[in-house]
Amino acid sequence: MSWQLDAAVGHEWNFFGFEINPFVTWFPNYIYLGPEGGYEQGLQRFKYQNNEVFRTGGELMMQYRISDRLKSALESEYVYSRQMTGDKEGFTLPFSPPWTTDFSLEYSHPFFRSFENLILRGEYRLVAAQNEIVPPENKTPGYGLTSILAGASRQVGAAQINWRFQMRNLFNVRYLDHTSFYRLIEAPGPGRNFIVSMSVSF
């Protein structure tokens, strides 16, 4: 059981829009996996815990249309947690996500030569350092990831062919995801990687 209060405030004009979504949550009996000091077969031990927990935070979303075909966006989210009872009273929750902000710039064109729905998008994810930890957790440094995406469609007879090409972590940044169990063995997140997809609609 939990008690939660959510709110949403937003507005949209011709070229600019924003939305703010704050929340507050109280858990009288929050069940989660908490890290212990010991290790087994080289891996950290965890045990289920049940404590009173308070969480708050929110999301901020903004969009600015630079022109009919070019738009920018910003999305930011933050979560604050505190254990109110138990052995780790006063600490945050394990694997608490750090403050994250995503920036994007997108160009779209309804028709480009023999293609339709052309999309070119650049994205940058900025992740803050996570210094709010639960001992024996380790702190993780902040990082930034750059990605690009291109896509288009083409009509071939009665079928529409849609394709997408995406390159993530363009600059091959080495980083540790604080919300991942792989962080416990110092395994970094994915390096530079490519995604190619194609679908056919009839």
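Residues numbered from 1 in each chain as written. Predicted model: local features only at pLDDT ≥ 70, side-chain atom pairs only at ≥ 80, totals over all residues. Heavy atoms only, no water.

Colleague: How would you summarise the pattern of salt bridges if you had to cite specific residues and measurements?
Modeller: Under the definition given, this model contains five salt bridges. Between Arg125 and Asp102 there is a salt bridge, with the nearest N and O atoms lying 2.7 Å from each other. Of the two residues, Arg125 is situated in strand E7 (residues 115-127) and Asp102 in strand E6 (residues 100-112); the sequence distance between them amounts to 23 residues. Judged by its relative accessible area of 22%, Asp102 is partly exposed. Glu137 serves as the salt-bridge partner of Arg183, at 3.2 Å between the closest nitrogen and oxygen. A residue pair is termed long-range when its members are at least 10 positions apart, and Arg183 in the loop between strand E9 (159-168) and strand E10 (193-201) and Glu137 in the loop between E7 and strand E8 (143-156) qualify at 46 residues. Residues Arg183 and Glu137 agree in their burial class; the two are buried. In this structure, a network of salt bridges that share partners links the residues Glu106, Arg121 and Glu123. (Salt bridge = Lys/Arg side-chain N within 4 Å of Asp/Glu carboxyl O. Helix = DSSP H or I, 4+ residues; strand = E, 2+ residues; numbered from the N terminus. Buried < 20%, exposed > 50% of the residue type's maximum accessible area, 1.4 Å probe, protein only.)

Colleague: Outline the packing of aromatic side chains, listing residues and values.
Modeller: In the structure shown here, the tally under the stated rule is nine aromatic pairs. An angle of 65° between the planes, with centres 4.6 Å apart, marks the rings of Phe27 and Tyr30 as edge-to-face. (Phe/Tyr/Trp six-rings, centres within 6.5 Å; stacked < 30°, edge-to-face > 60°.)

Colleague: Give a detailed account of the environment of Trp13, specifying residues and quantitative values.
Modeller: For Trp13, the position within the fold is in the loop between strand E2 (9-12) and strand E3 (16-40). Taking the relative accessible area as the measure of exposure, Trp13 reaches 46% and is therefore partly exposed. The spacing of Trp13 and Thr25 is twelve residues in sequence and 32 Å in space, taken between C-alpha atoms.

Colleague: Pulling in residues and values, what's your account of the environment of Ile66?
Modeller: Relative to the helices and strands, Ile66 resides in the loop between strand E4 (43-65) and strand E5 (70-83). The partly exposed category is assigned to Ile66, whose relative accessible area is 44%. Through-space distance from the C-alpha of Ile66 to that of Asn51 is 48 Å; in sequence the pair is 15 residues apart.

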